[in-house]
Amino acid sequence: MAAAKLLIPTLSHFRPLTCAAAVSASNPARLVPHPPDLLKWIKREGGFVHEAVTITQDTTYGLGLVASGGIPKGSDLIVLPEHVPLKFQSDKDDEADSVSLPLSNRIPEELWAMKLGLKLLQERAKVGSFWWPYISNLPETYTVPIFFSGEDIKNLQYAPLLYQVNKRCRFLLEFEQEVKNVLKNLKPSEHPFGGQDVDASSLGWAMSAVSSRAFRLYGKKLPNGTHSDIPMMLPLIDMCNHSFNPNARILQEQDAGNPKMLIKAAEREIKQSDPLLLNYGCLSNDFFLLDYGFVIPSNPYDHIELKYDGALMDAASMAAGVSSPNFSSPAPWQQEILFQLNLDGEVPNLKVTIGGPELVEGRLLAALRVLLSNDREMVQRYDLSVLKSLSAEGPLGVANEVAAFRTIIALCVIALGHFPTKIMDDESLLKQGVSVSTELAIQFRMQKKSVIIDVMRDLTKRVKLLLSKETTTA
Ligand SMILES: C[S@@+](CC[C@H](N)C(=O)[O-])C[C@H]1O[C@@H](n2cnc3c(N)ncnc32)[C@H](O)[C@@H]1O
């Protein structure tokens, strides 16, 4: 044993940063086979864990928290003292941050998870890290699309997500080079990762660990009295799985001198064997898959993204039977409204969505209503907020509303045509048994197609209702 220690002296102060591909979504291995007891560590550090809160393997979503007995509503479930969450600027930072800080400054703000990921990777490499009891309990692999094969990325069949995945992969490969360049001339004592090679795969592990587990909460108080919003990893609390109907919620107590993170039971009793669930956010499946590595069936917040384009709108409305639409050449007064909707001008935002709680994004609905109307005076009688509202029920008349809805239905048909497979094909592929990542990609595209079909159904009903009302009043 002594000889082995002598042979590998440099290995004694760091841990390897290798990263394997995900084999199972429901039960990913942890970084070490028998990690320390997380509950005991939290309590030793001065935190509180309700006696009925336990960690269970018995979930379809990996590890989770479960109530071993009844918990009254509003009870504190877990309380973390301020030094336990893992944040980018931590009081425990040391001189290695003079290297990782400039590196993190090269990360675009939208990839904030990579910033905290650098810190996580640094702590993962360090033997004796304060956070090792937490980090060793993290999953070894993630089912996010940056780890999918090229074939499974294509299997997503949805351009906006393909774009995001490619962007993240490209960033990781470029950042790997930047990290290597910065690290190559460092003395061992200055090296933030214990002299180890950091590659796109270990960076991707760290980014996914953060994006799937961090919460954005108040940071330090700013001079103007407000709080900065910073991501942090909350040990144990982050063992809660997601639900849109959660039974727990995160709170931050800002008592002077004693800030704490806690989760409380929601305003209903938690029964024995109930999982403890948090709402990660009212997000589309794009975010759930990209950041968390899962897809929610019938997600009420899922939507599809389209580009507002005059030629596409003309094609859709002609397919819907609207005669001579003028989306490609709007009248000046219509163009002025498109400008107000930020669908025209120097830096327009042409991304519009269909599906989700709004059903049709207000900006798209207003544009269709206005461009399908010839009656400038009537249009100008209404506020933009009315023109954008689906519940306004045909402010510009039944014929205009029917034409707008039919145009959206035709847009949906065009969008469905962009998917190379039908839902029935996808279902039979899933029945044949496929890998974890292929299954996720197929579920993702099936859900997108369901969103489109649901919107078409809803709008078809609205058209029928409008037409029936018109015949009754005629
Ligand atoms: C904050 S962690 C929760 C703890 C995690 N289950 C574990 O084993 O460490 C978030 C991860 O849990 C899984 N997860 C949580 N809620 C889920 C849900 N509703 N459906 C599918 N997977 C879920 C996903 O793998 C996600 O990335």
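- The protein chain goes by SET domain-containing protein in an unreviewed UniProt entry, where it is assigned to Gossypium davidsonii.

1. Re the overall build of the protein chain
Here is step 1: A tally of helices and strands in the protein chain yields 17 helices and 13 strands.
Here is step 2: Residue burial in the protein chain is summarised as follows: out of 474 residues, 49% are buried.
Here is step 3: Of the contacts formed within the protein chain by residues at least 6 apart in sequence, a portion of 71% connects residues at least 24 apart.
Here is step 4: Approximately 23,300 Å² of the protein chain is accessible, and the part contributed by carbon and sulfur atoms is 55%.

2. Remarks on helix α7 (residues 159-183)
Here is step 1: Compared with an ideal rise of 1.5 Å per residue, which puts 25 residues at 36 Å, α7 spans 36 Å between its outermost C-alpha atoms and is within 8% of the ideal.
Here is step 2: Along α7, the residues classified as buried are Leu161, Val165, Arg168, Cys169, Phe171, Leu172, Phe175, Glu176, Val179 and Leu183.

3. What to know about the site of the ligand
Here is step 1: Around the ligand lies a shell of 14 residues, among which Arg30, Tyr61, Leu63, Asn241 and Tyr292 are the nearest.
Here is step 2: At 2.8 Å from a nitrogen atom of the ligand is found a side-chain nitrogen or oxygen belonging to Asn241.
Here is step 3: Among the elements of the structure, β3 (62-67), α8 (200-213) and β8 (241-242) are those that each provide at least two residues to the shell around the ligand.
Here is step 4: Residue classes in the shell around the ligand are distributed as seven nonpolar, four polar and three charged.

4. Observations concerning the environment of Leu65
Here is step 1: By secondary structure assignment, the location of Leu65 is in strand β3.
Here is step 2: The buried category is assigned to Leu65, whose relative accessible area is 2%.
Here is step 3: As a C-alpha pair, Leu65 and Leu276 span 211 residues in sequence and 5.4 Å in three-dimensional space.
Here is step 4: Not counting chain neighbours up to four residues away, the residues in contact with Leu65 comprise Val53, Thr54, Ile55, Thr56, Ile78, Leu236, Met239, Cys240, Asp274, Pro275 and Leu276.

5. Observations regarding the nonpolar core
Here is step 1: With 127 residues, the main nonpolar core has Leu77 and Tyr308 as its most contacted residues.
Here is step 2: There are two domains that each give this core at least three residues, and those are domain 1 (24-281) and domain 2 (303-473).

6. Structural notes on the sheet that holds strand β9 (residues 248-253)
The pairing of strands in a sheet comes from backbone hydrogen bonds and takes either a parallel or an antiparallel form.
Here is step 1: Spatially, four strands are ordered β1-β4-β10-β9 in an open sheet, and the strand pairing comes out antiparallel. Looking at strand neighbours, the two that pair on one side only are β1 (48-49) and β9, the edges of this open sheet.
Here is step 2: Note that strand β4 (residues 76-81) and strand β10 (residues 260-265) share five bridges and pair antiparallel. Opposite Asp76, over in β10, you have Lys264 as the bridge partner.

7. Observations regarding the packing of aromatic side chains
Here is step 1: With the rule as written, the count across this model stands at 12 aromatic pairs.
Here is step 2: Relative to Trp131, the ring of Phe130 has its centre 5.1 Å away and its plane inclined at 85 degrees; by these criteria the two rings are edge-to-face.
Here is step 3: On the numbers, 6.0 Å between centres and 70 degrees between planes, the contact of Phe244 with Phe288 is edge-to-face. Here the residue Phe244 occupies a position in the loop between β8 and β9, and Phe288 occupies one in helix α9 (residues 285-292), the gap between them amounting to 44 residues.
Here is step 4: Phe244 gets classed as partly exposed once you look at its relative accessible area, which sits at 26%.
Here is step 5: Taken together, the ring pairs in this structure connect Phe244, Tyr280, Phe288, Tyr292, Phe294 and Tyr301 into an aromatic cluster.
Here is step 6: Over the ring of Trp205 we find Arg124; its NZ or CZ atom is 4.4 Å from the centre of that ring.

8. Describing the side chain of Ser317
Here is step 1: For Ser317, the position within the fold is in helix α10 (residues 310-319).
Here is step 2: The contact partners of Ser317, leaving out residues within four places of it in the chain, are Val322, Pro325, Phe327 and Thr407.

9. What about the pattern of salt bridges?
Here is step 1: For the structure shown, the criterion picks out 20 salt bridges.
Here is step 2: Among the ionic pairs, Glu401 bridges to Arg369, the shortest N-O distance being 2.7 Å. Here the residue Glu401 occupies a position in helix α15 (residues 398-417), and Arg369 occupies one in helix α12 (residues 362-371), the gap between them amounting to 32 residues. Both residues of the pair, Glu401 and Arg369, count as buried.

Rules used throughout
Residues numbered from 1 in each chain as written. Predicted model: local features only at pLDDT ≥ 70, side-chain atom pairs only at ≥ 80, totals over all residues. Heavy atoms only, no water. Helix = DSSP H or I, 4+ residues; strand = E, 2+ residues; numbered from the N terminus. Buried < 20%, exposed > 50% of the residue type's maximum accessible area, 1.4 Å probe, protein only. Contact = heavy atoms within 4.5 Å. Areas by Shrake-Rupley, 256 points an atom, 1.4 Å probe, with all protein chains shown as cover. Expected span 1.5 Å × (residues − 1). Near = heavy atom within 4 Å. Polar contact = N/O pair within 3.5 Å; in protein donor to acceptor, adjacent residues only side chain to side chain. Nonpolar A, V, L, I, M, F, W, Y, C, P; charged D, E, K, R; others polar. Core = buried A, V, L, I, M, F, W, Y, C linked by side-chain atoms within 4.5 Å. Domains from an automatic or database assignment. Pairing = 2+ DSSP bridges. Phe/Tyr/Trp six-rings, centres within 6.5 Å; stacked < 30°, edge-to-face > 60°. Lys NZ or Arg CZ within 6 Å of the ring centre and 35° of its normal. Salt bridge = Lys/Arg side-chain N within 4 Å of Asp/Glu carboxyl O.

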